[in-house]
Amino acid sequence: MTAGAIASFYLVVSRRIGYIRLGRKAAPRRPAPPYDDAGDEYDDREGESEETVRLSSFSANAALASEAVASPEAREKLEWAYQVFGHRKLLKDIRSGLMHLVLFYGFIVLQFGAMDIIWEGISGSPLPFLDYHWFVYTQEITVSLVLLALLYGGFRRYVERLRRLKRGWKPSIVLWFIGGLMVTVLFTQALNRLQDAPSGSASLYAGYAPVSSAIAEALRQVDVTHSVARVLYELFWWLHYAVLLSFLVYVPQSKHFHILTAPVNLWLRRRSPPGKLTPLDLEDEEAESFGVGEIEQFTQKQLLDLYACVECGRCTNVCPASNTGKLLSPMHLIMKLRDHLTEKGAAITSKSPWVPTFGGVGVAASAHVMQSDAPVLWVKQSEIAGTAVTIEPTMSAQKGAWTLHGGIAPADVALIGDVMTESELWACTTCRNCEDQCPVGNEHVDKIIDMRRFLVLTEGKIPAEGQRAMNNIERQGNPWGLPRSERGGWLSAYNSAFAVEGVAPVSTMQEAAKRSEGERPELVLWAGTMGAYDQRSRKVLFAVVRLLQHAGIPFAVLGGEERNSGDTARRLGNELLFQTLCSENIATLERYGVKRVVTICPHTFNAFKNEYPDFGLSKSVVVEHHTTLLERLVAQQLIKPVHPLKERVVFHDSCYLGRYNGIYDAPRNLLRAIPGVKLLEMERNRANGMCCGAGGGLMWMEERSGVRVNEARASQAMATSPTVIGSACPYCLTMMEDGIKLLDAEDTVRARDVAELLAESVFG
C-alpha cells in the first residue's frame, strides 16, 4: 500500500512536470532590480554612472531620492522567505491569512506526529523525542488549532459564502481529508492510552495530552473495554495511515498541488520590474507566428503558474473587469489554461493525468470548452446595487460556460476561442491588481498580452476601436488621428498664455542644441500624446511647466519631434508598432544626448523606464514622473505652496505609477504640503487601488457589458464625500471626469491632477 501510494504520487507529479516541459524555455533569469513588490517606491538606477549623477546640483539632489540596495541575491531569498513562510500576501486578508498560516505550520508540525503514530503502531514504542510529553502537548494543541481552522474555512466557504470562493463538493474534499487526519490522530492516541491503562486506574486525563486523554476518559466512562480499545486502536491506526496515503495521492491531482509548486513558483518569480513585457524578436525568419496561439507556446514558467494556482479567487475579487460585469476572471483564466494544458498534455504524451485511472485512460475522448460569448447577467443580478461592484455575475457565467464535452479531442480545442474567448482577452486593463494579490506569484497579464499579440500580429484580429486607434497612431502619431504637425502646438500656446517678464520662454531641444554645451539643459519634459493633444491634459502639462520655471529648473522639450510612447500599441498586442515608435524615440533622445526625462504620464514613464532599455535606451538616462520631481522640489523649498485650498481631496492611484513602479507617497506628500487640503482615502487605495479602466489600451475602446469601470471607481471616490478627486495620470483624470459626469456630480466634485492643485496653491 505504501509503495503503491508513493509510486502514484511520483507518477502524477512527473506527468504534470512533463506537461509543463511542453512549454518553451524562457530566457535566463536576470538579477533582481532594487524593487520590493510589497509597494515600496524605488528608482532603478543600476546603470547610471557617477559622472551622470553629478552633472549638476539638480542631478545630485535627484540621486538622493533613491536608497542604496545591497545584495540583490539576499533580497531575493528574503522576499521568498517572507512570501512562503511569512504569508505576506495571504495576510492582506487577515482572517483567511491566519487560517492558512495555522494550516501551513500545522501541516509541518504534524508530520512529526504522523511519523510517531506510524512508528509506534509498527514497533510498539514511540519515537525517542527528548521531551516526549512536551512533544505530545504541541501535537494536540496543533491538531486542535487545525480543526478550528478547518471549521472556519468551511464557514467562510459555505455559510459566509464569500463570492470569490467556489462551492460544491470538490472544494470540500480537502476539508474531509484534513479533518479525517486530525480525528484519527486524536482517536488513535486516545485508544492507545485506553488499551494501555491498568484496570481500576484513576482518571486517564493528563495535562500534557489534554484532548486525547479526555477522549480516552470519556470512552472508559461508556464502558469501552481494553480488548475493544485494542481493536479500535488498530482500526483508527489503519484509517489514519490510509487517509494519509490517499491524501498524498490526491494532492498533486488537485489545486493542492500548490503545496509543492507554489514555493518553486515564488522562487522563479519575475526579477524584472513588475509588468515588464518580454520583447518579441520580430526579425526571426524561422518564426511561424508571433505571440501565443497554442498552450505549449507559453514558457515553462508560465505553465508552472497554472499548477501553482490555489483557486482562492483573490485575483478575481479585485479585477476591475470581473467587478463590473465583464466575462474576464483572472482565476478562471488560470484554471481554464490549466485544464487545457492537462488535457492536451495527456494527449501529446499519451500519459493520463489521473492515478489511478478508473475506466480506462481516455485521454483524448473529451475536453473542456468555453461556450462562445457566455452572457454575464449583470443588470438582473446587480440593478439594486447601482454602481456597486460585484464579481458574482462573472463567477456564475464562468461556471456555466466552462464545460466538459465528449467526442472532442484536446488537440482540436483552440486556445483562443475555445479556452479563452476574445471578449475576455480584450477586457483586461493590465492593471496588475490580480498579480499583486496572488499569494503564489502567478502572472496573469503577460499571458493575456501574449494571446493579444497572437491575435494582432498573426491573425490580424482586434476590436474596431482598437484598430482605429492604432491606425491613427501609425499614420499621425496619436490615437485621435489629429495632424502630426500639431504635436508641438501646445508649446506656442503655453508661451503665449503664460509669458512672464524676465523668464525665457520654453525652448525645444533643437533650439537648445545651438547653445554652448554648458548652457544646454539636461532635463527634457516629455509632453506625451495626452499632454500634446488633449485640451484637458494640457492644463496639467502647463501647471508642471510653470512650476519647473518657478523653481528655476533648466529644461527643454522636444515639441514636434516627440513620438507616441507606444504603450497603447504594445498593451493591445501590436509589438511591431511599439518597437517602431520606441526606436524613433530612442534615436531622438540619443541625438540630443538627453540625460534626464520627466513626464506627466505614468504609461510613458513606465515604458521609458522599464521597457525602452531592452531596445537600446541607455540606463544612464534617468526617467522620472512629475510627482516625484515636484515632491523633491517642494522638499527643497524651491516650490512653496502658500495659498490655502479648502478642498477635500480623495486620491486615486494610477496603476502604472503605483503597482507597476511602486510610487504611492509622492503625490500624497504633494497634497499634504498644500495648506487647507484634507487628504482622503478610498477603501481600496495604494497597492489595492481599483483601476480607472483606461489601461491596456482600453482608453480607446468601448465597454459593452456591465457597468463602466470608471463609473464604479468614481462611485467609490464619491463615497468619501470629496470636493476633488485627485490623480497623477492623464488617463485617470479623463476617466474620473467622465465618471463624475455619469454620476451627475459635476456641480459638487471635480477631477484634478495634483500638479494643478500644487500650482494653484503656489500661484494663487
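On a predicted model such as this, the values are computed, not experimentally measured, just so you know.

Let us now look at helix α4 (residues 72-86). End to end, α4 covers 19 Å across 15 residues, agreeing with the expected 21 Å (1.5 Å per residue, within 8%). Among the residues of α4, Glu76, Glu79, Gln83 and Val84 are the ones counted as buried. Relative to the axis of α4, the buried residues are bounded by an arc of 120 degrees and lie together on one face. In this structure, the buried residues of α4 make contact with α5 (94-123) and α10 (258-267). Looking one or two residues beyond α4, the residue adopting positive phi is His87, at roughly 55 degrees.

Let us now look at the nonpolar core. Generally speaking, nonpolar side chains in soluble globular proteins are found buried as a group. In this structure, Trp490, Ile639 and Leu758 are the most contacted members of the largest nonpolar core, which totals 86 residues. The element that contributes the greatest number of residues to this core is helix α25 (residues 535-551), accounting for 9 residues. Residues contacting Trp490, with those up to four places away along its chain left out, are Ala527, Gly531, Ala532, Arg538, Leu541, Phe542, Val545 and Val557. Residues Val292, Leu327, Val413 and Leu698 belong to the second largest nonpolar core, which totals 51 residues.

Summarising the element assignment, Lys447 is placed in helix α20 (residues 445-458). A residue is classified by how much of its surface remains accessible, and Lys447, at 1% relative accessible area, is buried. Side chain to side chain, Lys447 and Asp305 meet in a polar contact 2.6 Å long. One polar contact links the side chain of Lys447 to the main-chain carbonyl oxygen of Glu443, over a distance of 2.4 Å. Filtering out sequence-adjacent residues up to four positions away, Lys447 remains in contact with Phe298, Gln302, Asp305, Leu306, Ile334 and Leu337.

Let's shift gears to the packing of aromatic side chains. Any aromatic ring pair is given by two values, namely how distant the centres are and how the planes are angled relative to each other. Applying the stated criterion across every chain, the model contains 27 aromatic pairs. Look at Trp490 and Phe542: their rings are 6.5 Å apart centre to centre, the planes differ by 40 degrees, and that puts the pair in the tilted class. With a gap of 52 residues between them, Trp490 in helix α22 (residues 489-497) and Phe542 in helix α25 connect regions that are remote in the sequence. On the basis of relative accessibility, which here comes to 2%, the residue Trp490 falls in the buried class. An aromatic cluster is built from Trp80, Phe85, Phe104, Tyr105 and Trp267, whose rings are joined through pairwise contacts. When the ring centre of Trp267 is taken as origin, the NZ or CZ atom of Arg271, which lies over that ring, is 5.9 Å away. One Lys or Arg, Arg546, reaches over the ring of Phe763 and ends 4.0 Å from the middle of that ring.

This next bit is on a negative patch on the surface. On the surface, Asp281, Glu283, Asp284, Glu285 and Glu286 cluster together to form a negatively charged patch. Looking at Glu285, the relative accessible area reads 81%, which means it is exposed.

Okay, the confidence of the model for the protein next. Low-pLDDT portions of the prediction should not be read for the details of their coordinates. Put simply, the protein has an average pLDDT of 88, and 91% of its residues get 70 or more. Note on residues 31-69: pLDDT under 50 across the span, and 83 contacts to partners over four residues away in sequence or across chains.

Another aspect to go through is the sheet that holds strand β3 (residues 523-526). Pairing is parallel across the open sheet formed by 4 strands, whose spatial order is β4-β3-β5-β6. Each of the sheet's edge strands pairs with one partner strand only, and the pair in question is β4 (555-556) and β6 (622-625). As paired strands, β3 and β4 are joined by 2 bridges and run parallel to one another. Bridge pairing in β4 places Leu523 opposite Phe555. Packed on one face of the sheet, helix α29 (residues 626-635) meets β3, β5 (596-599) and β6 and runs near 85 degrees to β6.

A separate point is the pairing of strand β9 (residues 724-727). The side chains of a regular strand alternate, first on one face of the sheet and then on the other. In β9, alternate side chains face the same way, and those of Val724 and Gly726 on one face and Ile725 and Ser727 on the other are all buried. Sheet topology note: the strand β7 (residues 647-651)/β9 ladder contains 3 bridges and is parallel. Its bridge partner being in β9, Val649 is matched across the sheet by Val724. Pairing analysis gives 4 bridges linking β9 to strand β10 (residues 750-753), with the strands arranged parallel. When the sheet's bridge partners are listed, Val724 is paired in β10 with Arg750. In terms of handedness, the path from β9 via helix α32 (residues 730-742) over to β10 forms a crossover that is right-handed.

This next bit is on the packing of helix α6 (residues 132-159) against helix α7 (residues 173-196). Direction vectors running N to C along α6 and α7 enclose 155 degrees, while the axes themselves pass 10 Å from each other. Compared by their axis directions, α6 and α7 come out roughly antiparallel. The two elements α6 and α7 meet at a crossing, and its hand is left-handed. Of the residues in α7, those in contact with Val143, Val146, Leu147, Leu150, Gly154 and Tyr158 of α6 are Leu175, Ile178, Gly179, Met182, Val185 and Leu186. Considered class by class, the residues forming the contact of α6 with α7 number 10 nonpolar, 2 polar and no charged.

Reading the values: rules and limits
The numbering scheme is per chain: residues are counted from 1 as the chain's sequence reads. In keeping with the predicted nature of the model, local features appear solely for residues at pLDDT of at least 70, side-chain atom pairs appear and are counted solely at 80 or more, and the whole-chain, interface and lining totals rest on all residues. Working from all heavy atoms in the structure, the side-chain values ignore hydrogens and water. Secondary structure elements are taken from DSSP: a helix is a run of H or I of four residues or more, a strand is a run of E of two residues or more, and numbering for both begins at the N terminus. Given a helix with a known number of residues, its expected span is that number minus one, times 1.5 Å. Only protein chains enter the accessibility calculation, which uses a 1.4 Å probe; a residue is then buried when its area is under 20% of its type maximum, exposed when over 50%, and partly exposed in between. Starting at the helix axis, one direction is taken to each C-beta atom, and the arc is that of these directions. Residues are treated as being in contact if the distance between any of their heavy atoms lies within 4.5 Å. Only buried residues count toward a nonpolar core. Its members are Ala, Val, Leu, Ile, Met, Phe, Trp, Tyr and Cys residues joined through side-chain atoms within 4.5 Å. N or O atoms within 3.5 Å of each other form a polar contact, as long as, within protein, one can give a hydrogen and the other can take it, and as long as residues adjacent in sequence are counted only when both atoms are side-chain atoms. Only Phe, Tyr and Trp rings take part, Trp by its six-membered ring, and two of them pair if their centres are within 6.5 Å. Stacked means planes under 30 degrees apart, edge-to-face means over 60, and tilted covers everything else. In our convention, an over-ring charge means Lys NZ or Arg CZ found within 6 Å of a ring centre and within 35 degrees of that ring's normal. Here a patch means residues that are over 30% exposed by relative accessible area and free of salt bridges, tied together within 9 Å if like-charged and within 5 Å if nonpolar (Val, Leu, Ile, Met, Phe, Trp, Tyr). To measure how exposed things are, a 1.4 Å probe is used in the Shrake-Rupley method; for residues, cover is taken only from the protein chains shown. The rule for a salt bridge is simple: a side-chain nitrogen of Lys or Arg has to be within 4 Å of a carboxyl oxygen of Asp or Glu. When charges are counted, Lys and Arg are positive and Asp and Glu negative, with His and the chain ends excluded. The atoms used to mark charge sites are NZ of Lys, CZ of Arg, CG of Asp and CD of Glu. A score between 0 and 100, pLDDT records how confident the predictor is in each residue. The pairing criterion for strands is at least two bridges between them, as found by DSSP. Here an axis means a line fitted to C-alpha atoms, over the contact stretch when the element is a helix, while the angle between two N-to-C directions is reported on a 0 to 180 degree scale. Here the term right-handed applies to a crossover when the path leading from its first strand over the helix to its second strand runs clockwise, the strands being oriented away from the viewer. By definition in this entry, angles of less than 35 degrees are roughly parallel, angles greater than 145 are roughly antiparallel, angles of 65 to 115 are roughly perpendicular, and the rest are oblique. Helix crossings get a hand from a simple test, with the near helix turned counterclockwise from the far one by less than a right angle marking a left-handed crossing and a clockwise turn marking a right-handed one. Note that Gly is not counted as nonpolar here; it falls among the polar residues with everything else outside the nonpolar set of Ala, Val, Leu, Ile, Met, Phe, Trp, Tyr, Cys and Pro and the charged set of Asp, Glu, Lys and Arg.

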